[in-house]
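# An overview of the molecular structure
Chain by chain, the residues:
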Amino acid sequence: MTSILYIGGTGTISAACVRRSVALGHEVTVLNRGSARRALPPEVRVVQADIRDAASVRSALGDARFDVVAEFLAFTPEHIATDLDLFEGRTGQYVFISSASAYEKPPRRLPVTESTPLRNPFWQYSRDKIACEDVLVGAHRERGLPVTIIRPSHTYDEQMLPTLGHWTDIARMRAGRPVIVHGDGTSLWTITHADDFAVAFTGLLGNPAAIGEAFTITGTHAPTWNQIYGWLADAAGVASPDLVHVASDTIAAFEPELGPTLIGDKAHSVVFDVSKVQQLVPEFRTTITFDEGACRILAYYDAHPEAQQIDEGRDALFDRIAAFVRSAG
């Protein structure tokens, strides 16, 4: 039995990993501030502390040691520095969740592998993840930090809609209003269900062959964006959604906040080679494709009206973009 500390533990990816770790019989502790976004199995020990407050973490954990510390909430080198102060020497494996958006954009060749350069000049989030990796790799080389780096791409579960407007897009589809799709909708996008991700992730925990290594964890399912929106429309009961294709640069001009995630990631076809992680976790594969995933998402939201939150600002933005594109011919 492996003792695992999850920092976070209730997010899209981490909740699925916690569930699988429990199912595999591991001893699981979750540390977070107490705001559970997703329910935890009853077997989980929950420790309430703010990972940004080192003193509160020390007080909450005492002198506990863990075979694995899985960090889902570190986004800057400063966060990593705090973690190293807290956990170095107290765990046999520190697992850092980086991001596949750290790989070079636009990609010069596909599929992307772990040897693809890390460079994203468009998205600060990605550059910060790269900087975190640099700190960890340096600590591994200099003093043997037992680190494993994980690079997920777009991972979802039933609570996470993968489109620009999230539930707002579904509401617009059902109302017969235009839905904005970046680009021409034909680029390929690797989208991975969290339950599939968890198989690969938990297979690396406590595995000596994973120490000092980086792994891309995504599925092998790479539909087009038109398919993604189309499957959501099917699941929402919309036979002919009004999809309006708009260049990513144009969307970014209307809403600069969307620029980094589009131009720095989603605007490009991205397909990954996951043979490296499959060598260590041969049971890992795609079992949930997005046609099924879309049905699960709509079933969840239709059963939870309180989750059907419309972003009024994004809703108005989509109207402006659609009007501009159609007036331009």
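Read on for a plain summary of the structure. All values reported here derive from a predicted model rather than from experimental measurement.

Pairs of packed helices are described in terms of their axes, by the angle between the two and the distance that separates them. Relative orientation of the contacting elements helix H5 (residues 167-174) and helix H12 (residues 312-327) amounts to 55°, with a least axis distance of 10 Å. Considering the angle they form, H5 stands oblique to H12. The chirality of how H5 crosses H12 is right-handed. Note on element contacts: H12 touches H5 through Asp315, Phe318 and Asp319, opposite Thr168, Asp169 and Arg172. Residues of the contact of H5 with H12, tallied by class, amount to 1 nonpolar, 1 polar and 4 charged.

With that settled, consider the nonpolar core. Counting 71 residues, the largest nonpolar core has Tyr6, Ile150, Ile180, Phe201, Ile217, Leu232 and Val277 as its most contacted members. Sorting elements by how many residues they give to this core places helix H6 (residues 194-204) first, with 7 residues. Ignoring anything within four residues of it in the chain, the contact list for Tyr6 reads Cys17, Val18, Ser21, Val28, Thr29, Val30, Leu31, Ala70, Phe72, Phe201, Thr202 and Leu205.

Turning our eyes to something else, we now look at the pattern of salt bridges. Summed over all chains, the structure comprises 16 salt bridges. With a shortest N-O distance of 2.4 Å, Asp85 and Arg58 are connected by a salt bridge. In this pair, Asp85 sits in helix H3 (residues 77-87) while Arg58 sits in helix H2 (residues 54-61), placing the two residues 27 residues apart along the sequence. Classification of Arg58 as partly exposed rests on a relative accessible area of 39%. Through salt bridges with shared partners, a single ionic network connects Arg172, Arg177, Asp315 and Asp319.

Attention now goes to the sheet that holds strand S5 (residues 94-97). Within the open sheet, the 7 strands sit side by side as S3-S2-S1-S4-S5-S6-S10. Their pairing is parallel. Edge strands, defined here as strands with exactly one partner in the open sheet, are strand S3 (45-48) and strand S10 (213-217). Here the average twist between neighbouring strands, direction ignored, is 20°. Summarising the sheet, strand S6 (residues 147-152) and S10 pair through 5 bridges and their orientation is parallel. Counterpart to Arg151 in the pairing with S10 is Thr216.

Attention shifts here to unusual backbone geometry. Following Lys105, the chain continues into Pro106 via a peptide bond in cis, with omega recorded as -10°. In this structure, Pro106 sits in the loop between S5 and helix H4 (124-143). With an omega of 0°, the peptide bond running from Leu110 to Pro111 counts as cis. For His166, which is not a glycine, the phi torsion comes out positive at approximately 55°. Secondary-structure assignment places His166 in the loop between strand S7 (154-156) and H5.

So, about the environment of Ile321. Among the secondary structure elements, Ile321 is positioned in helix H12. You can call Ile321 buried: its relative accessible area is 0%. Placed 68 residues apart in sequence, Ile321 and Ala253 show a C-alpha to C-alpha distance of 9.9 Å. Residues within four places of Ile321 in sequence aside, it is in contact with Ile180, Val246, Ile251 and Phe254.

Quick notes on the rules
Residues numbered from 1 in each chain as written. Predicted model: local features only at pLDDT ≥ 70, side-chain atom pairs only at ≥ 80, totals over all residues. Heavy atoms only, no water. Axes fitted to C-alpha atoms, helices over the stretch in contact; angles between N-to-C directions. Helix = DSSP H or I, 4+ residues; strand = E, 2+ residues; numbered from the N terminus. Parallel < 35°, antiparallel > 145°, perpendicular 65-115°, else oblique. Left-handed = near helix turned anticlockwise from the far one by under 90°. Contact = heavy atoms within 4.5 Å. Nonpolar A, V, L, I, M, F, W, Y, C, P; charged D, E, K, R; others polar. Core = buried A, V, L, I, M, F, W, Y, C linked by side-chain atoms within 4.5 Å. Buried < 20%, exposed > 50% of the residue type's maximum accessible area, 1.4 Å probe, protein only. Salt bridge = Lys/Arg side-chain N within 4 Å of Asp/Glu carboxyl O. Pairing = 2+ DSSP bridges.

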